Amino acid sequence: MDELYILEQLIKHKENDLHDSLSRGLANENTSYHLVELIISMSRYVNDIRYCSKIKCSCSPEHDISIHYNRIKEYIQSTKGALFPIPYRGIEKIIEER
Ligand SMILES: [Zn+2]
């Protein structure tokens, strides 16, 4: 899966679907926080913005993607019916390849 597409869907979901999810009680401030952090981590991944070359290192974007994705996994996996669904299998593939 194209990583840029995952990033695009994450940003579009944040800007178009999250407000609705918050008002319907499907998401909370914690969800917003981790979604924004996931967008930052995914941006680092796509643009190869790194502090060291070790993928398993705790400073890697893959590490951060894993942390933030796992905190809001249930929410992300429930976005199939959203205007901009989050392609979570692509995110899981990045985490598994770590
Ligand atoms: Zn490192």
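Scroll up for the structure.
Quick caveat: nothing in here was measured; it's all calculated off a predicted structure.

### With respect to the overall build of the chain
- Along the chain, the regular secondary structure elements total 6 helices and 0 strands.
- Relative to the compact-globule value of 13 Å for 98 residues, the chain shows a C-alpha radius of gyration of 13 Å, a close match.
- The 98 residues of the chain split such that 26% are buried.
- Contacts spanning at least 24 positions in sequence make up 69% of the contacts within the chain whose residues lie at least 6 apart.

### Focus: helix α1 (residues 3-16)
- Here α1 contains 14 residues, and its C-alpha end-to-end distance of 20 Å stays within 8% of the 20 Å for a straight helix at 1.5 Å per residue.
- Of the residues making up α1, those classed as buried are Ile6, Gln9, Leu10 and His13. Axial view of α1: buried residues confined to an arc of 100 degrees, hence all on one face. Counted as exposed and oriented over 90 degrees from the buried face of α1: Leu4, Glu15 and Asn16.
- The elements touched by buried residues of α1 are α2 (18-23), α3 (29-47) and α6 (88-96).

About the thresholds
- Residues numbered from 1 in each chain as written.
- Predicted model: local features only at pLDDT ≥ 70, side-chain atom pairs only at ≥ 80, totals over all residues.
- Helix = DSSP H or I, 4+ residues; strand = E, 2+ residues; numbered from the N terminus.
- Rg over C-alpha atoms; globule rule 2.2 N^0.38 Å.
- Buried ≥ 20, exposed ≤ 12 C-beta atoms within 10 Å, placed from the backbone.
- Contact = placed C-beta atoms within 7 Å.
- Expected span 1.5 Å × (residues − 1).
- Arc of directions from axis to C-beta.

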